[in-house]
Amino acid sequence: MTDRNRFIKDLMAKMDLKDKVGEMTQVAIDVISKGKPQKLVEPHTLVKTRMQDAIVKHRVGSILNVGGHAYTREHWYEIMKSIQELATKEKKSGIPVLYGIDAIHGANYTQQATLFPQQLALAATWNPSLATKMGEVSSYETRASTIPWNFSPVCDLGYDPRWSRLWEGFGEDVLLASEMVKAAVKGYQGNDVSNKNKVAACLKHFMGYSMPLSGKDRSPAWIPERKLREYVMPPFQAGIDAGAKTVMICSGEVNGEPVHASKWILTDLLRKEMGFEGLVVSDWEDIHFLYTRHRVAKDYKDAIRLSVNAGLDMAMVPFDLKFPVLLKELVEEGKVPMSRINESVKRILNVKYDLGLFENPYYPKEDYKKFGSKAHTKAAFEAALESIVLLKNEKKTLPLSKNTKVLVTGPTANLLSALNGGWTGTWQGDEPEYDTPGKPAILEAIQKKIGKENVTFVEGTTFDKNVNTEKAATAAEQADVIIACVGEYSYTEKPGDIDDLTLPKAQQELVHSLAKTGKPVILILAEGRPRIINEIEPKANAIIGSFYPGNEGGRAIADILFGDYNPNGKMPFTYPKFINGLERYDHKGTDLVYIDSEMTNFRPQFEFGFGLSYTTFNYSSLKVEPVWDGTRELEISVDVKNTGKIAGMEVVQLYIADLVASITPSVKKLKGFQKINLEPGKSKSVTFKITLPDLAFVGLDNQWITEAGEFEVMIGNLKKKFELQ
Ligand code: BGC
């Protein structure tokens, strides 16, 4: 028996049922704070009697979240000291509390923390080592804020551009997302999660969350088993294989069954098939929603029965203390077996043990000298630089010379929140008073780069209203170049639902008026999902895409605008051109439209994998053996040359098409990628190694298979066929 097993066995032998159901309960910090849930009294204060009630009387095992907005590190210390002292000294079991938070792009609920690009922007780097770096810095700073559990990464594919949480995931492709998930988990947990710089990761939201039929958050998804297996499960499996300690359940319903009540998903698939042994936590209030919204349970108690029996280990309640009381009754009435409770409690205690909480429920502040350090900022800046995608650059409009006179305009120009997105200081990230002081938005970063005297700023519009578009157009007459910053404010979840993906009219009209001046227009997109721009795209001479690059995003954009950095980000999702054209890059051959008496397929605004550079790359000598028997690895190689005048990074992308298959094949699928750095004039041979599972798909019987036959390899503009025998 391992030390851990012995320790947990001894501990559980001393626990009564009340201790156990308490461990399975997670409440929001609001429950122990002054004020009403979500309307806490400022400054945030813990209330002793409420703490006694939750921690000592109800014996809750876990607390989450921030009450309202980011706290100072000092305040986090006070909170954690009070909670853990009470738990370890006065709670009957003496078990420390497992505190969890959404530190999804850095310790975003701690003031002065380092904020990285959000996941979608990280995916645009196509550089998993940056996701690891984000994980390392975020885990360090989250632990420096006394918190050992991070509800991150999101493993849901960015499958539907309408969805308000698209930017929280690693894009639309299974391989890219899986690699990034793996890398992030490695960064968060390292090799030993008990290390005081590490946190437990949480793979969320298992599963099917990102494919709501309506595009609206937490609305029903209908996903055939084949698609669940081929598209939804792999990024979670990658996270499980990387050793993630926890998983969060999807708030939605899949095929008519709320996931919180699905034994098939939570036990048969997650546990038995995918081999997950860690802790499964519900999402926010989702047990309640089983009877209030989904109506598969008649009341709260019935909902608890359904969910715990389906496989839930811990309920993110979050605002009441009835869960442990009702769960205890259910066990006593024989409606939830004791074995189910013991299984969950063991998993919860394992995580607490692995994090070293029994020895150190939190560490002293002095142990974290690198919090918010220059080295951490540098890492976030490097990630931001690689996350920006150059989408258009007609006649080499960019880079601009540093003595250009520019007009900066548009609603995202002077707003750090449009670079950070949700979960920044606050849940929605939309309260600029919680922005990190000293971090420049796009406007200020440009002013710093070329001097205030070269920059005129006119707001032009808010996100949806004309403020002074005419004034902006007049000011444009005096400028050499117009930098129009459009896009979205910050949002997440339900508040981020929209009815129209098109970029709001006011912003489009701003661009139309600016273009009429005849001055070159550079469009900067600062947004969390692709807002449709097909009418204004032709008016722009250059376009830069940013998908919440974080606190250092303003500087990164300025560096790219003025040639201090050669852009190398690539699209991690398909940017649609038309509101009814939401297909992804790996669509089927029959995804066709009929235009001007011709069948045409797939006309995105910007394709997945696309992104320009200030240099050029030439691909040649694509090599693959024409016949492969599948026993060894298949090598595919290509030569890439930097044919321009400056150094640059390129993402070499390997796509393969299965030409004939028993399930209609996609036109192509990403099967490998490597990011390389090339000095001007230099070449490199890039090799990919393919094995049989790389060519597999989920067949008619819902099992993975690889079928023999002809395949086509595509890298850059080159193509070559091979036959699998
Ligand atoms: C979100 C989760 C998040 C949780 C805790 C929920 O509303 O869906 O992603 O981790 O809240 O804040």
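Residues numbered from 1 in each chain as written. Predicted model: local features only at pLDDT ≥ 70, side-chain atom pairs only at ≥ 80, totals over all residues. Heavy atoms only, no water.

1. Points about the pattern of salt bridges
Link 1 in the chain: Under the counting rule described, the total for this entry stands at 54 salt bridges.
Link 2 in the chain: Linking D313 and R271 is a salt bridge whose minimum nitrogen-to-oxygen distance equals 2.8 Å. Here R271 lies in helix α9 (residues 263-273) and D313 lies in the loop between α11 (300-310) and β12 (315-316), a separation of 42 residues in the sequence. For the pair formed by D313 and R271, the shared burial category is buried.
Link 3 in the chain: Each member of the salt-bridge network shares a partner with another, and the members are R165, E168, D217, R218, D283 and E493. (Salt bridge = Lys/Arg side-chain N within 4 Å of Asp/Glu carboxyl O. Helix = DSSP H or I, 4+ residues; strand = E, 2+ residues; numbered from the N terminus. Buried < 20%, exposed > 50% of the residue type's maximum accessible area, 1.4 Å probe, protein only.)

2. Topic: the environment of V408
Link 1 in the chain: Relative to the elements of secondary structure, V408 occurs in strand β14 (residues 406-409).
Link 2 in the chain: Residue classification places V408 among the buried positions, given a relative accessible area of 0%.
Link 3 in the chain: For V408 and P220, which are 188 residues apart along the polypeptide, the C-alpha to C-alpha distance reads 42 Å.
Link 4 in the chain: When residues no more than four places from it in sequence are discounted, the contact partners of V408 are A413, L443, I446, V455, T456, F457, V458, I483 and C485. (Contact = heavy atoms within 4.5 Å.)

3. Points about the site of the ligand
Link 1 in the chain: In the vicinity of the ligand lie 13 residues, with D102, R165, H205, D283 and E493 positioned nearest.
Link 2 in the chain: Here R165 contributes a side-chain N or O atom positioned 2.7 Å from an oxygen atom of the ligand.
Link 3 in the chain: Note that an oxygen atom of the ligand is positioned 2.6 Å from one of the side-chain N or O atoms of D283.
Link 4 in the chain: Its residues assigned to classes, the shell around the ligand shows 6 nonpolar, 1 polar and 6 charged. (Near = heavy atom within 4 Å. Polar contact = N/O pair within 3.5 Å; in protein donor to acceptor, adjacent residues only side chain to side chain. Nonpolar A, V, L, I, M, F, W, Y, C, P; charged D, E, K, R; others polar.)

4. Focus: the sheet that holds strand β1 (residues 25-28)
Sheet strands pair by backbone hydrogen bonding; their relative direction is either parallel or antiparallel.
Link 1 in the chain: If you trace the 5 strands from one edge of the open sheet to the other, you get β6-β5-β4-β1-β12, paired in parallel fashion. Edge positions in the open sheet fall to β6 (149-150) and β12, since each of these has one partner strand only.
Link 2 in the chain: Pairing of β1 with strand β4 (residues 62-64), which is carried by 3 bridges, proceeds in the parallel orientation. By the bridge assignment for β4, V27 is matched with I63. (Pairing = 2+ DSSP bridges.)

5. Things to note about the domain arrangement of the chain
Link 1 in the chain: Here the chain is partitioned into domain 1 (388-600) and domain 2 (617-724).
Link 2 in the chain: Look at where the C-alpha atoms of domain 1 and domain 2 centre, and you get two points 33 Å apart.
Link 3 in the chain: Contacts between domain 1 and domain 2 engage 9 residues on the former and 16 residues on the latter.
Link 4 in the chain: Summed over both sides, the interface of domain 1 with domain 2 buries roughly 990 Å², with 49% coming from carbon and sulfur.
Link 5 in the chain: Counting every contact that joins domain 1 to domain 2 gives 2 salt bridges.
Link 6 in the chain: Ionic pairing is found between K669 and D586, a salt bridge with its closest N-O pair at 3.4 Å.
Link 7 in the chain: The interface formed by domain 1 and domain 2 holds 8 residue pairs in polar contact (both at pLDDT 80 or more) in total. (Domains from an automatic or database assignment. Buried area = accessible area lost by both parts, 1.4 Å probe.)

6. Description of a nonpolar patch on the surface
Link 1 in the chain: A grouping of L592, Y594 and M599 is seen on the molecular surface, where their side chains present a nonpolar patch of about 350 Å² in accessible area.
Link 2 in the chain: In this structure, M599 sits in strand β20 (residues 598-601).
Link 3 in the chain: Given a relative accessible area of 52%, M599 falls into the exposed group. (Patch = residues over 30% accessible without salt bridge, like charges linked within 9 Å, V, L, I, M, F, W, Y side chains within 5 Å. Areas by Shrake-Rupley, 256 points an atom, 1.4 Å probe, with all protein chains shown as cover.)

7. Section: the sheet that holds strand β18 (residues 542-546)
Link 1 in the chain: Here 6 strands make up an open sheet; going across it, the order is β13-β18-β17-β16-β14-β15 and the pairing mixed. Strand pairing shows two members of the sheet lacking a second neighbour, β13 (389-393) and β15 (455-458), which therefore form its edges. This sheet shows a mean twist of 20° between the axes of neighbouring strands, independent of strand direction.
Link 2 in the chain: Where strand β16 (residues 481-487) meets strand β17 (residues 521-526), 6 bridges bridge the pair, whose relative direction is parallel. From the neighbouring strand, G487 faces β17, where its bridge partner is A526. (Axes fitted to C-alpha atoms, helices over the stretch in contact; angles between N-to-C directions.)

8. Overview of unusual backbone geometry
Link 1 in the chain: Residue E42 is joined to P43 through a cis peptide bond whose omega torsion reads -10°.
Link 2 in the chain: Counting through the fold element by element, P43 comes out in the loop between β3 (39-40) and α3 (48-57).
Link 3 in the chain: Looking along the chain, the bond that leaves S152 and enters P153 is cis, with omega of 5°.
Link 4 in the chain: Secondary-structure assignment places P153 in the loop between β6 and α7 (174-189).
Link 5 in the chain: Located in the positive-phi region is N65, a residue other than glycine, with phi close to 80°.
Link 6 in the chain: Turning to its location among the elements, N65 is positioned in the loop between β4 and α4 (73-89).
Link 7 in the chain: Judged by its relative accessible area of 12%, N65 is buried.

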